[in-house]
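# Breakdown of the fold
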Amino acid sequence: MSVETWLSALNGYQTLGPQATRVVRFLAREPQLAAYASAREIAERAAVNTSTVVRTAQQFGYDGWPALRHDLRSHYVASMASGDAANRFSAPETESAVTRMLRQDAVNLRTLATPDTTEAIRAVAAAIGSSRRILVLGTGIAAAPAGLLSHLGAIMGQDIRLSSGAATVQAAQVAQLGEDDCLVAINVWRLPRTLRALAELAKERGAKVCVLTDLHASTLSAVADHVVVAPIEGVRSAPSLTAMVAVVQAVIAALAATPDAVKAVGRVEQVWLRLDLLDDED
């Protein structure tokens, strides 16, 4: 039984109000995400308040969102194991899926084009540019934008490093940060406990903390000096990194093009040529 079918069979489904219906539609559309999200995260993505999520669960006879989430997770995992969930992704219209993905990415990028987001990106770039050392944390799919930020930043002469090792290695690296340093934590979709703990540790050490996330309600915001929110909505329950990568590119673009930065880029190019690393021949 699919999650959508299960939800529609629950007592109270037929009498849901408009706001609760929005919550249920999101649960049915994104069961993989909903099965592990907090009530606050569900509320943000469904464009309702947190109390609406709780009341929706109670209307179904549950004590609250955690109880409904528990059953939703069980049905989602069972539907994946039985193959029922695969039916949602079996549409033969490949071109239609491609078109929907490109349109969704275009919407995600337009969402970034606001004065608040632009100012937040500039603030992150300023924090990076004024820091002695920068450590970038990003695991799972967040490792892609994290790697891009550290690579491009290093080319521009920043002492910026990607921390992608085991939690013990990351903790050791964060422990070395101080008041002149900066931690950039990139979180996409679900929040690893380690990332939250490391961000808190960096804050305790006096480092500036910048957070790139997909949720205004992210608990990382509590310890962040600067927060940039980028949407990750995709199709077929797969998050899209297009907007998050665009944020990274914008941060790099906002770094001051000082004479030292220009020289740094030149030095990197010289090293590449000296080591004959690239095949630039016709």
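About the criteria used
Chains are numbered independently. Their residues run from 1 in the order of the written sequence. Local features in a predicted model are, by the rule used here, given only for residues with pLDDT of at least 70; side-chain atom pairs are given and counted only at 80 or more, and totals for whole chains, interfaces and linings are based on all residues. Note: side-chain values were computed over all heavy atoms of the structure, leaving out hydrogens and water. Strands here are runs of E lasting at least two residues and helices are runs of H or I lasting at least four, both read from the DSSP assignment and numbered beginning at the N terminus. Categorising residues by exposure relies on relative accessible area from a 1.4 Å probe, with only protein chains included: less than 20% of the type maximum marks a residue as buried, more than 50% marks it as exposed, and the intermediate range marks it as partly exposed. Two residues form a contact once any of their heavy atoms are found within 4.5 Å. Accessible surface is estimated by sampling points in the Shrake-Rupley manner with a 1.4 Å probe; for residues, cover comes only from the protein chains shown. Under the counting rule used here, the positive set is Lys and Arg, the negative set is Asp and Glu, and His together with the chain ends is not counted. The atom standing in for a charge is NZ when the residue is Lys, CZ when it is Arg, CG when it is Asp and CD when it is Glu. Side-chain atoms within 4.5 Å link the members of a nonpolar core, which is a set of buried Ala, Val, Leu, Ile, Met, Phe, Trp, Tyr and Cys residues. Inter-axis angles, ranging from 0 to 180 degrees, are taken between N-to-C directions of lines fitted to C-alpha atoms, where helices are fitted over the stretch in contact. An angle below 35 degrees is treated as roughly parallel, one above 145 as roughly antiparallel, one from 65 to 115 as roughly perpendicular, and anything else as oblique. Residues are sorted three ways: Asp, Glu, Lys and Arg are charged, Ala, Val, Leu, Ile, Met, Phe, Trp, Tyr, Cys and Pro are nonpolar, and all the rest, Gly among them, are polar. Multiply 1.5 Å by the residue count of a helix minus one, and that product is the helix's expected span. By arc we mean the arc of the directions from the helix axis to the C-beta atoms, nothing more. If DSSP finds at least two bridges between two strands, the strands pair. When the strands point away from the viewer and the path from the first strand over the helix to the second turns clockwise, the crossover is right-handed. Stacked, tilted and edge-to-face pairs are distinguished by plane angle, under 30 degrees for stacked and over 60 for edge-to-face with tilted covering the rest, among Phe, Tyr and Trp rings (Trp via its six-membered ring) whose centres lie within 6.5 Å. Our definition puts a charge over a ring when NZ of Lys or CZ of Arg is within 6 Å of the ring centre and also within 35 degrees of the ring normal. A residue's pLDDT is the confidence the predictor assigns to it, expressed on a 0 to 100 scale. Note on patches: the residues involved have over 30% relative accessible area and no salt bridge, like charges join within 9 Å, and the nonpolar side chains Val, Leu, Ile, Met, Phe, Trp and Tyr join within 5 Å. By definition, a salt bridge exists where a carboxyl oxygen of Asp or Glu is found within 4 Å of a side-chain nitrogen of Lys or Arg. We call a crossing left-handed when the near helix sits turned anticlockwise from the far one by less than a right angle, and right-handed when that turn is clockwise.

### What about the overall build of the protein?
A tally of regular secondary structure across the protein gives 13 helices and five strands. Taking the principal axes of its C-alpha atoms as reference, the protein extends roughly 70 × 50 × 40 Å. Looking at the protein residue by residue over its 282 residues, the buried ones come to 42%. The long-range share in the protein, meaning contacts at least 24 apart out of those at least 6 apart in sequence, stands at 73%. Just so you have it, the protein exposes about 14900 Å², and 53% of that area is on carbon and sulfur atoms. In the protein, 26 positive and 28 negative side-chain charges are present, and the distance between their average locations comes to 6 Å.

### Quick look at the nonpolar core
One finds Leu7, Leu27, Ile42, Leu149, Val184 and Leu212 to be the most contacted residues of the largest nonpolar core, which totals 60 residues. Excluding its chain neighbours within four sequence positions, the residues that come into contact with Leu212 are Val124, Val184, Ala185, Ile186, Asn187, Val228, Met244, Val247 and Val248. Counting residues in each nonpolar core, the second largest holds 16 residues, with Leu135, Ala202, Val209 and Leu220 among its members.

### Regarding unusual backbone geometry
In this structure, Trp189 takes a positive phi of about 75 degrees despite not being glycine. Relative to the elements of secondary structure, Trp189 occurs in the loop between β3 (182-186) and α11 (193-204). Here Trp189 falls in the buried class, since its relative accessible area comes to 17%. For Asp276, which is not glycine, the phi dihedral falls at a positive 50 degrees. With respect to the helices and strands, the residue Asp276 is situated in the segment after α13 (259-274).

### Re the packing of helix α2 (residues 18-29) against helix α5 (residues 50-59)
Here α2 crosses α5 at 85 degrees, and the two axes come no closer than 9 Å. It follows that α2 is roughly perpendicular to α5 by the angle criterion. Here Gln19, Ala20, Val23 and Val24 of α2 lie close against α5, whose contacting residues are Thr52, Val53 and Thr56. In terms of residue class, the contact of α2 with α5 is built from four nonpolar, three polar and no charged.

### What to know about α13
Owing to its 3.6 residues per turn, the α-helix brings residues three or four apart onto one side. Over its 16 residues, α13 runs 22 Å from end to end, which matches the ideal 22 Å to within 8%, given 1.5 Å per residue. Looking at α13, one finds that the buried residues are Ala261, Ala264 and Val268. End-on, the buried residues of α13 take up no more than an arc of 55 degrees, which puts them together on one face. Those residues of α13 that are exposed and angled more than 90 degrees off the buried face are Pro259, Val262, Lys263, Gln270, Leu273 and Arg274. Phi turns positive one or two residues past the end of α13, at Asp276, with a value near 50 degrees.

### Topic: the pairing of strand β2 (residues 160-163)
As judged from the four bridges shared by strand β1 (residues 134-137) and β2, these two strands associate in the parallel manner. Bridge pairing in β2 places Ile134 opposite Ile160. Read as a crossover between parallel neighbours, the route from β1 over helix α9 (residues 143-155) to β2 is right-handed.

### Some remarks on the packing of aromatic side chains
Scanning the entire structure with this criterion turns up zero aromatic pairs. If you follow Arg190 out to its NZ or CZ, it ends over the ring of Tyr36, 3.8 Å from the centre.

### Regarding the confidence of the model for the protein
A residue-level look at the protein finds 94% of positions with pLDDT of 70 or above and a mean pLDDT of 90. Within the protein, no element has a lower average pLDDT than helix α3 (residues 31-34), which sits at 84, and none a higher one than β1, at 98.

### Examining a negative patch on the surface
On the surface, a cluster of negative charge is contributed by Glu269, Asp276, Asp279 and Asp280. Following the sequence through the fold, Asp280 ends up in the segment after α13. Here Asp280 falls in the exposed class, since its relative accessible area comes to 60%.

### Digging into a nonpolar patch on the surface
Together, Val271, Leu275, Leu277 and Leu278 make up an exposed nonpolar region whose accessible area comes to about 380 Å². On the secondary structure map, Val271 appears in helix α13. By relative accessible area, which is 44% here, Val271 ends up partly exposed.

### Quick notes on the packing of α9 against helix α12 (residues 242-254)
Interhelical geometry of α9 versus α12 gives an angle of 15 degrees and a closest axis separation of 9 Å. As the angle between them shows, α9 and α12 are arranged roughly parallel. Every pair of crossing elements has a handedness; the one defined by α9 and α12 is right-handed. On α12, the residues that touch Pro145, Leu148, Leu149, Leu152 and Gly153 of α9 are Met244, Val245, Val248, Gln249, Val251 and Ile252.

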